[in-house]
Amino acid sequence: MFLHSILPLLFLPFLPTTLTQGTLVSSATDSNGISLYEKLEVMERLVLDGAVGVSVNPCSFFRTGNPNSGEQTSAEWVRIVFHDAITADLAAGTGGLDASIGFESLRAENVGLHFVNDTIGIFASFVSAYTSMADLIALGLHATLMSCDPVPRLIKLKVGRIDATGPGPEGVPKPTDDLNTTLTAFEKAGFSQTEAIQSVACGHSLGAVHQMNFPDIIPASVVTSTNLDGGSNFDSTPAIFDATNINEYLNGTGNAGGPLVVGFNSTTNSDLRLFSSDNNATMLALTEAQKFQDTCYTIFEKMLDTVPSNVVLSEVIGPRTWTMGEMHADLRSDGGVVFSGSITWHSLTETPITKANYTYSTSNGGDVGVLSSAIGVSSIRHGFGTITKYSFSNMLNTTDITGISVMNGLYTTPVDLSMFILLSQTKRGGSISAGPAYVVRAAILTILLSNATTPTANLFNPTKQANTLSPTIKLLSTPMTAYNTSSDYTLFKGILSLGTAGSGPGALYFDVRLGEKISVKVAGTLVGSCSSMDINAC
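Residues numbered from 1 in each chain as written. Predicted model: local features only at pLDDT ≥ 70, side-chain atom pairs only at ≥ 80, totals over all residues. Heavy atoms only, no water.

### Notes on the overall build of the chain
Counting its secondary structure elements, the chain contains 11 helices and 21 strands. Projected onto the principal axes, the alpha-carbon positions of the chain cover approximately 80 × 55 × 45 Å. Among the 538 residues that make up the chain, the fraction classed as buried is 57%. In the structure as shown, the chain presents an accessible area of about 20900 Å², 54% of it carried by carbon and sulfur atoms. Computing the positive centroid from 28 side-chain charges and the negative centroid from 44, the chain places the two 7 Å apart. (Helix = DSSP H or I, 4+ residues; strand = E, 2+ residues; numbered from the N terminus. Buried < 20%, exposed > 50% of the residue type's maximum accessible area, 1.4 Å probe, protein only. Areas by Shrake-Rupley, 256 points an atom, 1.4 Å probe, with all protein chains shown as cover. Lys, Arg positive; Asp, Glu negative; His and termini not counted. Charge placed at Lys NZ, Arg CZ, Asp CG, Glu CD.)

### A look at the confidence of the model for the chain
Across the chain, the average pLDDT comes to 92, with 94% of residues at 70 or higher. Confidence drops under pLDDT 50 across residues 1-26; counting only partners more than four residues distant or on other chains, this segment forms 145 contacts. (pLDDT = per-residue confidence, 0-100. Contact = heavy atoms within 4.5 Å.)

### Some remarks on the pairing of strand 10 (residues 411-414)
Along any regular strand, the residues point their side chains to alternate faces of the sheet. Side chains of strand 10 alternate between two faces, with Tyr411 and Thr413 buried and Thr412 and Pro414 left unburied. Judged from the four bridges that link them, strand 9 (residues 401-406) and strand 10 form a sheet pairing that is antiparallel. Within strand 10, the position partnered with Gly403 by the bridge is Pro414. Connecting strand 9 to the next strand, strand 10, in antiparallel fashion are four residues, including Met407 with a positive phi near 50°. (Pairing = 2+ DSSP bridges.)

### Thoughts on the sheet that holds strand 10
With respect to topology, four strands assemble into an open sheet ordered 6-5-9-10, the strand pairing being antiparallel. Strands with a single pairing partner mark the edges of an open sheet, and in this sheet they are strand 6 (371-372) and strand 10. Of the pairings in the sheet, the one linking strand 5 (residues 357-362) to strand 6 comprises two bridges and is antiparallel in character. Opposite Asn357, over in strand 6, you have Ser372 as the bridge partner.

### Some thoughts on the pairing of strand 8 (residues 385-396)
Examined bridge by bridge, strand 4 (residues 337-347) and strand 8 share 11 bridges and lie antiparallel to one another. For Thr344, the partnering residue across the bridge sits in strand 8 and is Lys389. Pairing between strand 7 (residues 377-381) and strand 8: five bridges, direction antiparallel. If you follow Ile380 over to strand 8, its bridge partner there is Thr386. What sits between the antiparallel neighbours strand 7 and strand 8 is a turn of three residues, in which Gly383 has the positive phi angle 90°.

### Overview of the nonpolar core
Within the largest apolar cluster, 72 residues are counted, with the highest numbers of intra-cluster contacts made by Ile137, Leu157, Phe241 and Phe300. A per-element tally of this core places helix 4 (residues 133-148) first, with 11 residues. Apart from the residues within four sequence positions on either side, Leu157 is in contact with Met43, Val47, Ala138, Leu139, His142, Leu304, Glu315, Val316 and Ile317. Counting 29 residues, the second-largest nonpolar core is a separate cluster that includes Trp322, Tyr360, Leu396 and Ile404. (Core = buried A, V, L, I, M, F, W, Y, C linked by side-chain atoms within 4.5 Å.)

### Details of helix 3 (residues 116-124)
Of all nine residues making up helix 3, seven are buried, and the element is well covered by its neighbours. For helix 3, every residue scored as buried is listed here: Val116, Asp118, Thr119, Ile120, Ile122, Phe123 and Ala124. Considering only its buried residues, helix 3 is in contact with helix 2 (73-85) and helix 4.

Below you can see the structure in the form of structure tokens.
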């Protein structure tokens, strides 16, 4: 039915769940030792960072091909949400937004040279142990609306979706389907007739139907040197998310609702059959800009939240005014701890302060006193206003640090210095013949060690899988051996080899585990390189 076609994270807090600016409480973790809140924080950083959104900015931009093709990435990102979610079976508790569409690119219902694989291919580089492909598909819709809506607002974005391991059932409504077949598909997924009309009307505010994909709908005469794929737009503003398509449909002006309303082949005029099925009552209720936006965001949010019954979604992502960016601990030569990172602030209306204030809390309920960051560095982003990042680095004289509090408690997060990866001493090496390898070094408080427990180094490796461009996360693990001591810490190292298969697209992360205790994770992109071909020498 829908026919248009760097993660700077080092140190993550331990297990908080609430999204308030104050106290955070703990929650359960998944099999990778990651809490739902930690996933939310990573997505929050992606939202503010904007790295995903560059592919749909401006809204008319085509990210993966010839700019004269007549294609539009933003429209593809709306379409993929619908095509992935609509095959859900509400009664059975299966399907929905689960990235199964990555395995379904060859189906006739998902036709489009630049549809499934182009979209999945863009998102693949952001997949990690924290960010599933399904969550990234949801983020893509958020990014599209932020770029294409003239008055953007934040869609209620959540995380926690679990990627499917294979294709889901067929059942995306097609242009040739009769009205009953279309409504039955929506009903199975949990959408009423009114919601079905809203879903299609909102989705078809952007983009076009393309002759190269649907020659039975679009005549070859629309193909030109600046419209090589033969796009026939739904309305006269295909790169603006607004109610123009609805008003043109009702008034018979402009594109009159597009090629699925007034196409030369009446059997494929599926939008006309659907829109008129309640005597245009739903369409008439969407003509005003605010009503259109309110309704469309609500129906899009329902699509995003249509997930298998075993999936638990997070609270809504703020993003909060004050958040923490990357954080990491390392050791000085004298055994003291250096703790560094960055603080992020954003506002649509306020002017950023010069420096951010923060303090470290201790186990006795006290703190180390108020500290100040470096001078903030600001940038401007559409829909978010000013975003300012404040870096900090402190030499700590105690390991008795339990948390960090920003701006008098406007943001707080736990800190654990009892076990952490030594970023400055963790290296990437290996050879062409043997494949990449990593030596992971970590500091563990000696008082935590016992003869019965051996720490392990772990790598969460995005790995290629058959029949989809979406990677899956594979866990590699190796025992660590002690090689030195430094003040209160014993130092360990372990070597992880990826072999000739290496990694697929996506972001690698490392952690260290000692029994049930798990260190914070370190992003592979921030690990330095070793010039030696022998990883043991690194």
